[in-house]
Each structure stands twice: as structure tokens, then as C-alpha cells.
Amino acid sequence: MEALELMKQRHSVRQYKPRAIEPEKRAALNDLCSELNQKAELSIQIVYDEPNCFDSFMAHYGKFSGVHNYIALIGKKSPKLEETLGRCGEQLVLKAQELGLNTCWVAMTHGKSRAVVGPGEKQVCLISLGYGETQGVAHKSKPMQALCRCAEPIPEWFEKGMTAAMLAPTAMNQQKFRFELRADGTVKAACGSGFYTKLDLGIVKYHFEAASGKKTV
């Protein structure tokens, strides 16, 4: 299935069924996780069959229930860590969607995870994982014109990339990102200030690039 179709199908899900993830699906996620860790020098970990992390006051406050699996986004502290984890985490999210699973990016509304954080490393956030009680609902989006700058007529590939970026999950659904198609044909991506905007930038850049086939700067 094309990346853009997966992006359209995928929505945030906070309530999960008591159904274990099958071994073959775990293997597919684990293989991609290992590949991303090796390529980007990260320490992303997938924790299965662990109900305690989301059985906390904060998790219930965030309306999470039935979460027994999650992805812990971890890597060596650096200025680019959050953006890199956003890019790689979203690849795991879309892989999960392809496998018929549901997910939700989780910043602070969870308890203590069982992931191992090594010296000099940081756990930035978690992603809940499993079979959702529902498939979730699409988030509202700002109009495309408010999220990009591009001379008319808009090239088809740029519009496709923007459609994908608008489908990307962002913190509090604030969509603080902006894309600009410059005169030399390059695409500049930026994100405003605030909590988790660097993480958001990694996610939206991956969406744009996967759908448009063009790199961003």
C-alpha cells in the first residue's frame, strides 16, 4: 500500500482491545526497529505485554485504556535527537498501520516505561501500540495555504507532499510546521517554537518526503 494511503487510514487511538500482537507482526516491527536504530544510531525499543506503564493516573487522565504494548523513542542526547526520533517513530507507526494495528503518540500522559535508557541517552516519548477499540477519527487540519508557501501553479508533487504533511500527527494538533517551495526547486521545512515541535518536524518531514519523493532542507 502507498504511504499516502496508510497516512489517510491512520488515526490516533487511545483505547485498546485485550488482544495480543501476533508473533509475525512483532517480528516485522522488531526488524524495522532494528534497521532504524542501526541507520540513525538510536535506541528505540518496543515493549510488549506490559500493562503497568499506562495504568497510571496520567494515563487515565489522558483517556488511555487497555494499553499493553508501546514503542519507547530513545537515543543519545543531541540537538537533532527529537527530529530524528520523530522521523523514525512515524515509520514504525505507519508500519503498524500496514499490519492492521493502531497507535498514538504519547508525550507525558503515561507512567514509567520498562525501556532501558542508557548513559547519555534520553527517552523523548512513547507510542502506544495494539488493536484499537476503534480506528480513531481524522484530526482537523488548517488549510493548506496556511501551512506552506508556494508560487502558483502548485506542482502536483508539492501538493501531494503537503496533503501528507497535513495528515501527520502533531503535538496538541497545533500544526506549527511550514513548508516553502523555493525558487531553486528545493523545499524548506520549519517548525515554530513550543513543546515537541522538533519531534513534530521529524514526523511531518517524513510524511512530505515519503509522499512527494522530494527531500526537504
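This report concerns the structure included in the present document. Model, not experiment: these values are computed from the prediction.

Considering the overall build of the chain
Right, so step 1: Helices and strands together make up the secondary structure of the chain, namely 6 helices and 7 strands.
Right, so step 2: Across the chain, helices and strands are ordered from the amino to the carboxyl terminus as α-α-β-α-β-α-β-β-β-α-β-β-α.
Right, so step 3: The C-alpha atoms of the chain give a radius of gyration of 17 Å, which matches the 17 Å a tight globule of 217 residues would have.
Right, so step 4: If you line up the chain on its principal axes, its C-alpha atoms span 50 × 40 × 35 Å.
Right, so step 5: Here the chain, with 217 residues, has 50% of them falling under the buried criterion.
Right, so step 6: Sequence-distant contacts in the chain: of pairs separated by 6 or more residues, those separated by 24 or more amount to 74%.
Right, so step 7: Total accessible area on the chain stands at roughly 11100 Å², and carbon and sulfur atoms take up 54% of it.
Right, so step 8: Here the chain carries 29 positive and 23 negative side-chain charges, and the mean point of each set is 6 Å from the other.

Remarks on the nonpolar core
Right, so step 1: Counting residues in hydrophobic clusters, the biggest one holds 46 residues, and the most contacted among them are I44, L129, F158, M162 and F179.
Right, so step 2: Here the element with the most residues in this core is helix α4 (residues 81-98); it accounts for 6 residues.
Right, so step 3: Within the second largest apolar cluster, 15 residues are counted, among which are C53, V67, A72 and A115.

Digging into the pattern of salt bridges
Right, so step 1: Summed over the entire model, instances satisfying the criterion amount to 11 salt bridges.
Right, so step 2: In this structure, K122 engages E82 in a salt bridge whose closest nitrogen and oxygen atoms are separated by 3.9 Å. In this pair, K122 sits in strand β4 (residues 121-130) while E82 sits in helix α4, placing the two residues 40 residues apart along the sequence.
Right, so step 3: Of the residues examined, K122 reaches a relative accessible area of 37% and is grouped as partly exposed.
Right, so step 4: We note a salt bridge from E83 to K205, for which the minimum N-O separation is 2.8 Å.

Rules and cut-offs
- Residues numbered from 1 in each chain as written.
- Predicted model: local features only at pLDDT ≥ 70, side-chain atom pairs only at ≥ 80, totals over all residues.
- Heavy atoms only, no water.
- Helix = DSSP H or I, 4+ residues; strand = E, 2+ residues; numbered from the N terminus.
- Rg over C-alpha atoms; globule rule 2.2 N^0.38 Å.
- Buried < 20%, exposed > 50% of the residue type's maximum accessible area, 1.4 Å probe, protein only.
- Contact = heavy atoms within 4.5 Å.
- Areas by Shrake-Rupley, 256 points an atom, 1.4 Å probe, with all protein chains shown as cover.
- Lys, Arg positive; Asp, Glu negative; His and termini not counted.
- Charge placed at Lys NZ, Arg CZ, Asp CG, Glu CD.
- Core = buried A, V, L, I, M, F, W, Y, C linked by side-chain atoms within 4.5 Å.
- Salt bridge = Lys/Arg side-chain N within 4 Å of Asp/Glu carboxyl O.

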